Amino acid sequence: MAESQKREGDPLLPQVQEWLRNRMSSAADWPVDKLLAAKGDTTVSVVLPARNERETVGEIVGAIRRDLVESAPLVDEIVVIDSRSVDDTAEVAAAAGARVVAQDAVLPQLPPMSGKGEALWKSMHVARGDVIVFVDADLREFSSSFVTGLLGPLLTDPSVRYVKACYDRPYVSGGTTVAHGGGRVTELVARPLINMHWPVLAGVLQPLSGEYAGRREVLERLPFVTGYGVELGMLIDVLELAGLDAIAQVDLGVRLHRHQSAEALGGMSGQIMQTAWSRLERQGRVVRLEPPSTTLTQFRRDGDGHEVRTSSVAVDERPPAIVVPDYVGSTV
Ligand SMILES: O=c1ccn([C@@H]2O[C@H](COP(=O)(O)OP(=O)(O)O[C@H]3O[C@H](CO)[C@@H](O)[C@H](O)[C@H]3O)[C@@H](O)[C@H]2O)c(=O)[nH]1
Ligand SMILES: O=C(O)[C@H](O)COP(=O)(O)O
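Residues numbered from 1 in each chain as written. Chains lettered and ligands numbered in written order. Predicted model: local features only at pLDDT ≥ 70, side-chain atom pairs only at ≥ 80, totals over all residues. Heavy atoms only, no water.

Novice: Explain the sheet that holds strand β10 (residues 212-215) to me, please; I cannot follow it from the model alone.
Specialist: Hydrogen bonds between backbone groups are what pair the strands of a sheet, and the pairing can be parallel or antiparallel. Pairing is mixed in the open sheet, where 8 strands are placed in the order β1-β12-β7-β10-β5-β2-β3-β4. Looking along the sheet, the strands with just one partner apiece sit at the ends: β1 (24-26) and β4 (99-102). Strand-to-strand twist of the sheet, defined as the mean angle between neighbouring strand axes without regard to direction, takes the value 25°. The pairing of strand β2 (residues 44-50) with strand β3 (residues 77-82) spans 6 bridges and is classified as parallel. Looking at β3, one finds that V47 is bridged to V79. Contacts between helix α1 (residues 14-23) and the sheet are confined to β1 and β12 (247-254), with β12 contributing the most and set at about 65° to the helix. The strands touched by helix α9 (residues 230-242) are β7 (162-168), β10 and β12; relative to β7, the strand with the most contacts, the crossing angle is about 130°. (Pairing = 2+ DSSP bridges. Helix = DSSP H or I, 4+ residues; strand = E, 2+ residues; numbered from the N terminus. Axes fitted to C-alpha atoms, helices over the stretch in contact; angles between N-to-C directions. Contact = heavy atoms within 4.5 Å.)

Novice: Just to check I follow, could you spell out the packing of helix α2 (residues 32-39) against helix α6 (residues 145-156) for this structure?
Specialist: Axes are the key here: two packed helices are described by the angle between their axes and the distance separating the axes. Viewed as axis vectors pointing N to C, α2 and α6 meet at an angle of 35°, and their least axial separation amounts to 10 Å. Here α2 and α6 pass one another in a crossing that is left-handed. Every residue of α6 that contacts α2 at V32, L35, A38 and K39 is listed here: T148, L151, G152, L155 and T156. Residues of the contact of α2 with α6, tallied by class, amount to 5 nonpolar, 3 polar and 1 charged. (Left-handed = near helix turned anticlockwise from the far one by under 90°. Nonpolar A, V, L, I, M, F, W, Y, C, P; charged D, E, K, R; others polar.)

Novice: Even after reading the chapter, I still don't get α9, so can you show me in this structure?
Specialist: Since the α-helix turns once every 3.6 residues, residues separated by three or four places project in the same direction. Helix length check: α9 (13 residues) gives 17 Å between terminal C-alpha atoms against 18 Å at 1.5 Å per residue, within 8%. Burial within α9 is extensive, with 10 of its 13 residues counted as buried. Taken as a whole, α9 has its buried residues at V230, E231, L232, G233, M234, L235, I236, D237, V238 and L239. (Expected span 1.5 Å × (residues − 1). Buried < 20%, exposed > 50% of the residue type's maximum accessible area, 1.4 Å probe, protein only.)

Novice: Even after reading the chapter, I still don't get the nonpolar core, so can you show me in this structure?
Specialist: Judged by nonpolar contacts, the single largest core of 48 residues is most densely connected at Y162, L201, L219, F224, M234 and I272. Here the element with the most residues in this core is α9; it accounts for 7 residues. Other than its neighbours up to four places away in sequence, I272 contacts V185, V189, L193, L208, Y228 and L232. Among the nonpolar cores identified, the runner-up in size contains 40 residues, and V57, V61, V80 and L151 belong to it. (Core = buried A, V, L, I, M, F, W, Y, C linked by side-chain atoms within 4.5 Å.)

Novice: Just to check I follow, could you spell out the site of ligand 2 for this structure?
Specialist: Around ligand 2 sit R169, G182, G183, R184, V185, T186, H257, H259 and L265, and that is every residue in its neighbourhood. Between ligand 2 and H257 there is a distance of 3.0 Å, counted from an oxygen atom to a side-chain nitrogen or oxygen. Within the complex, 94% of the 320 Å² of free accessible area of ligand 2 lies under protein. When atom positions are compared with the pocket grids, ligand 2 is found to occupy the largest pocket. (Near = heavy atom within 4 Å. Polar contact = N/O pair within 3.5 Å; in protein donor to acceptor, adjacent residues only side chain to side chain. Areas by Shrake-Rupley, 256 points an atom, 1.4 Å probe, with all protein chains shown as cover. 1 Å grid on protein atoms, 1.4 Å probe; cavity = no way out; pocket = protein on both sides within 12 Å on 5 of 7 lines; lining within 4 Å. Sits in = over half its atoms within 2 Å of the grid points.)

Novice: Would you explain the site of ligand 1 in this entry?
Specialist: Among the 20 residues in the neighbourhood of ligand 1, the closest are listed as E53, K116, D136, Y228 and E231. Separating an oxygen atom of ligand 1 from a backbone N or O atom of R51 is a distance of 2.8 Å. Contacts to ligand 1 include Y228, whose side-chain N or O atom sits 2.6 Å from an oxygen atom. Within the complex, the protein chains bury 96% of what would otherwise be the 670 Å² of accessible surface of ligand 1. Its atoms largely coinciding with the cavity grid, ligand 1 occupies the largest pocket. Each residue belonging to the shell around ligand 1 can be placed in one class, and the counts come to 7 nonpolar, 5 polar and 8 charged.

Novice: What exactly am I supposed to notice about helix α7 (residues 184-197) here?
Specialist: The first and last C-alpha atoms of α7 sit 20 Å apart over 14 residues, in line with the 20 Å expected at 1.5 Å per residue. Bending of α7 peaks at approximately 35° at the position of A190, with proline P192 no more than four residues after it. Taken as a whole, α7 has its buried residues at V185, T186, V189, A190, L193 and I194. Considering only its buried residues, α7 is in contact with α9 and α10 (262-282). (Bend = angle between axes of the 7 residues up to and from the residue.)

So far we have only geometry, and geometry alone does not tell us how the molecule works.
Shown next, in the form of structure tokens:
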């Protein structure tokens, strides 16, 4: 539908308007000295899930180490979960000063699952902070204000329990930059789904952002969806567990990252839709009895014809960390 043909929707829900008024801030609102004064005994872990991120992980770890460990004692540990990298991500991250743990070395007695959500869930059994900040390892032109921005609301307001990043998302390809062209899955899949089924979350600008932070007492009570469903699942589950007012949002400026192909994003989108289905089902909102197919069929041009490629977009789920035997919790 052309822009001019779009019909106006209802205005933002009053609850969302109030949330945006009360729970939105910017990275600039949270200078390091203000956070150091507020930190007290709270321990902070920064976790980066990383699969084949040798080009960017070192710079990100290095910036956090320099600005928030050496120059100011704000971050107590930097953990990189090496998610089955086949390059030297682990070595690069360790050289930059991170504690590096292989995803499959954590709770090896459990049958392995895969994907980003699995890496994050495993990190709950490695990181020891009272507050955990998650940061993707493929970010370019990274600034440690990403971490301070996310920590601001958590360290200064006890009623905030989870903080989500938002930012502008350029799309950069072959030397061309499209200012707001990034976040394709966000715009085409996640945002419409959220507005359809969880409209109180409509004020979350970047529901799939890989940069967010939470108090352990919340994170350890959440199931983690494996793969790329983890962010949507977590947002919906935090809303259910803690309520909208426990969530804050911080504008971190601009985010640049490595873009995946449209085909790969099809798989991500499938996992996100499966995750939405799983939450609708759990919330008793599914009236259809037949579960959705978990097979994604895609096509690649092959001479005069097309190669058919099928893959599974099924998502698994790990239970809340707190119910896992031998879960250690925060001790840094
Ligand atoms: O099996 C995996 C796959 C990815 N990653 C890491 O997870 C981060 C994000 O993965 P990426 O493939 O770069 O995701 P994006 O294409 O950037 O996807 C966006 O949308 C996803 C779905 O919500 C989120 O998980 C991402 O954080 C968000 O940036 C990166 O550090 C990856 O190295 C893993 O650790 N293990
Ligand atoms: O978050 C998203 O929507 C996906 O990661 C795609 O992002 P991109 O369009 O910036 O590559």
